[in-house]
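Analysis of the macromolecular model
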Amino acid sequence: MNGMLAPEVLVLGASGRVGSGVVAALLEAGSPVLAVARDAARLQRLAAMHADEPGLEVMVASVADDGAAQDLARRIARRPRPLRAVVDATAGVRRASRLLDQAVPVLSASLEQEVLPHLAAARHLLPLLQQRGGDRYLVAGGPHARCGWAGYGHASVAIAATRMLVQVLHEEAQPLGVRVQMLSIDAPVWTAENTARACPGWHSALGVGRAMVSLLARSSPDARCIVTYADNAGAMPPGLLGREFASVLAAASGAPGASDAGRAA
């Protein structure tokens, strides 16, 4: 049965700013998407935005800790579709405050909310990705990981720690045959919901999503662990993921010429 289904891309944090852009870009590129988030209401709003997209499925779940991530991996393992890739677009709560104005446990909480879910997800989804035939694991990196974010010191430290985490995972995942990368996003991201207060230099969620798709669509994977987002990276990728699934989709629909479609792709 798996052979007749196009592989899907799992998007964690799919209802957030970056996650919603990644979902839109993947659907635009013709890829089936499994959108995962822990807020059921926001996830349903995302599904409603793409109500005409048969390739989108949603799942309420979390990767907040080891137990939650393990449960998610078990649920995905029972799905009939192969898993092409994982995009981790989860992010912690980022509140404005100075490091020196807050008690030490506030930084501990920031690290717990920002960094640990990425590790929990990787521990359980990297082995699953290998088992399900996938080879790409992408993490969305927040802004100001290399320079302090004025007024957001706790977030800067936590985002920098996530960057280091991805660098370690990049090395440790190589024996699995999975390439772990971070798309480093050097500015905040705007969507339709926050565009009224967005500043010049902010990146669009769809542009960031298209940059993620470009990383997935390359026939020769980028060897870098950290890939920096640039404005021109938001252009629609020249090779759409849907082309890879042409023969699969044609066969599933009973359309003639399925083998020819596969060669053209």
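See the structure above.
Residues numbered from 1 in each chain as written. Predicted model: local features only at pLDDT ≥ 70, side-chain atom pairs only at ≥ 80, totals over all residues. Heavy atoms only, no water.

Brief notes about the pairing of strand E1 (residues 8-12)
The buried fraction of E1 amounts to five of the five residues, a majority that puts the element mostly inside the structure. Burial along E1 is two-sided: Glu8, Leu10 and Leu12 and Val9 and Val11, pointing in opposite directions, are all buried. Across five bridges, E1 lies against strand E4 (residues 83-88) in parallel orientation. Within E4, the position partnered with Glu8 by the bridge is Leu83. For the handedness criterion, the β-α-β arrangement of E1, helix H1 (residues 17-28) and strand E2 (residues 33-37) is classed as right-handed. (Buried < 20%, exposed > 50% of the residue type's maximum accessible area, 1.4 Å probe, protein only. Helix = DSSP H or I, 4+ residues; strand = E, 2+ residues; numbered from the N terminus. Pairing = 2+ DSSP bridges. Right-handed = clockwise from strand over helix to strand, strands pointing away.)

Looking at the environment of Leu176
Mapped onto the secondary structure, Leu176 falls in the loop between helix H6 (153-172) and strand E6 (179-184). Put simply, Leu176 and Gln130 are 46 residues apart on the chain and 6.5 Å apart in space, counted from C-alpha to C-alpha. Not counting residues within four places of it along the chain, the set of residues in contact with Leu176 comprises Leu126, Pro127 and Gln130. (Contact = heavy atoms within 4.5 Å.)

Considering the pattern of salt bridges
Across all of its chains, the model carries six salt bridges by this definition. The salt bridge partner of Glu28 is Arg210, with a shortest N-O separation of 2.6 Å. Residue Glu28 is located in helix H1, and its partner Arg210 is located in helix H7 (residues 205-217); the two are separated by 182 residues in the primary sequence. Here Arg210 falls in the buried class, since its relative accessible area comes to 18%. A salt bridge links Arg79 to Glu57; the shortest N-O distance between them is 3.1 Å. Taken together, the positions of Arg79 in the loop between helix H3 (66-77) and E4 and Glu57 in strand E3 (residues 56-60) put the pair 22 residues apart, joining distant regions of the chain. (Salt bridge = Lys/Arg side-chain N within 4 Å of Asp/Glu carboxyl O.)

Quick notes on H7
The first and last C-alpha atoms of H7 sit 18 Å apart over 13 residues, in line with the 18 Å expected at 1.5 Å per residue. The buried count for H7 comes to 11 of 13 residues, which makes it a mostly enclosed element. Every buried residue belonging to H7 is among Ala205, Gly207, Val208, Gly209, Arg210, Ala211, Met212, Val213, Ser214, Leu215 and Leu216, and all of these are buried. (Expected span 1.5 Å × (residues − 1).)

Some remarks on a nonpolar patch on the surface
On the surface, Leu99, Leu100 and Val157 cluster together to form a nonpolar patch covering roughly 290 Å² of accessible area. On the secondary structure map, Leu99 appears in the loop between E4 and helix H4 (104-114). Residue classification places Leu99 among the partly exposed residues on the basis of a relative accessible area of 38%. (Patch = residues over 30% accessible without salt bridge, like charges linked within 9 Å, V, L, I, M, F, W, Y side chains within 5 Å. Areas by Shrake-Rupley, 256 points an atom, 1.4 Å probe, with all protein chains shown as cover.)

With respect to the packing of H3 against helix H5 (residues 116-131)
Direction vectors running N to C along H3 and H5 enclose 25 degrees, while the axes themselves pass 8 Å from each other. With respect to H5, the element H3 is oriented roughly parallel. Of the two elements, H3 crosses H5, and the hand of that crossing is right-handed. Seen from H3, the contacting residues are Asp66, Ala69, Gln70, Leu72, Ala73, Ile76 and Ala77; seen from H5, they are Ala120, Ala121, Arg123, His124, Leu125 and Leu128. For the contact of H3 with H5, a count of residues per class yields nine nonpolar, two polar and two charged. (Axes fitted to C-alpha atoms, helices over the stretch in contact; angles between N-to-C directions. Parallel < 35°, antiparallel > 145°, perpendicular 65-115°, else oblique. Left-handed = near helix turned anticlockwise from the far one by under 90°. Nonpolar A, V, L, I, M, F, W, Y, C, P; charged D, E, K, R; others polar.)

Description of empty space enclosed by the protein
One way to see where empty space is left: roll a probe the size of a water molecule over the atoms. All told, the structure shown has one cavity of 30 Å³ or more when counted by the stated rule. Roughly 40 Å³ of volume is contained in the largest cavity. Gly92, Val93, Arg94, Ser110, Gln113, Glu114, His154, Ala155 and Ala158 are the residues that line the largest cavity. For the lining of the largest cavity, the elements supplying multiple residues, two or more each, are H4 and H6. Split by residue class, the lining of the largest cavity holds three nonpolar, four polar and two charged. (1 Å grid on protein atoms, 1.4 Å probe; cavity = no way out; pocket = protein on both sides within 12 Å on 5 of 7 lines; lining within 4 Å. Points joined across faces, edges and corners; volume = space filled by probe spheres on them.)

A look at the environment of Arg146
Looking at where Arg146 falls in the secondary structure, it is placed in the loop between strand E5 (136-141) and H6. In the structure, Arg146 is positioned 14 residues away from Ala160 in sequence and 6.6 Å away in space, judged by C-alpha atoms.

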